[in-house]
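Listed below are the residues making up each chain.
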Amino acid sequence: MSSITSLSHLNLSHNLLSGPIPTTNQFLTFNDPSIYEANLGLCGLPLSTKCSTPNDQKHKMIKMQMVGT
């Protein structure tokens, strides 16, 4: 789907999607956050929810291990 180059409308709301929103091709033109509404697992622009990086995940795991010991 991230390779689409000619789509005029897109509504992915209420689909239980998760993960980072692609930032390639046509997805760069869909800057209305409402098209992703009710997909609480999505992150990245145009949403205000930032995606965690692998370093963030590693830091959380280390922190959890330290708390658990």
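Residues numbered from 1 in each chain as written. Predicted model: local features only at pLDDT ≥ 70, side-chain atom pairs only at ≥ 80, totals over all residues. Heavy atoms only, no water.

**Focus on the state of the cysteines**
Under the counting rule described, the total for this entry stands at 1 disulfide. The disulfide that involves Cys43 links it to Cys51, with 2.1 Å between the sulfurs. Residues Cys43 and Cys51 are joined by a disulfide whose S-S torsion is about 105 degrees; by sign, that bridge is right-handed. Taking relative accessible area as the criterion, Cys51 reaches 29% and is therefore assigned partly exposed. (Disulfide = S-S within 2.5 Å. Buried < 20%, exposed > 50% of the residue type's maximum accessible area, 1.4 Å probe, protein only.)

**Topic: the packing of aromatic side chains**
Using the criterion set out here, one finds 1 aromatic pair in the structure. Residues Phe27 and Phe30 carry aromatic rings whose centres are separated by 6.4 Å and whose planes lie at 80 degrees to one another, so their mutual orientation is edge-to-face. The pair formed by Phe27 and Phe30 is uniform in burial state, with each residue classed as buried. (Phe/Tyr/Trp six-rings, centres within 6.5 Å; stacked < 30°, edge-to-face > 60°.)

**Observations regarding the confidence of the model for the protein**
On average, residues of the protein score 78 in pLDDT, and 70% of them reach the 70 mark or higher. For the stretch residues 59-63, pLDDT sits under 50, and the model shows 0 contacts to residues farther than four places along the chain or on other chains. (pLDDT = per-residue confidence, 0-100. Contact = heavy atoms within 4.5 Å.)

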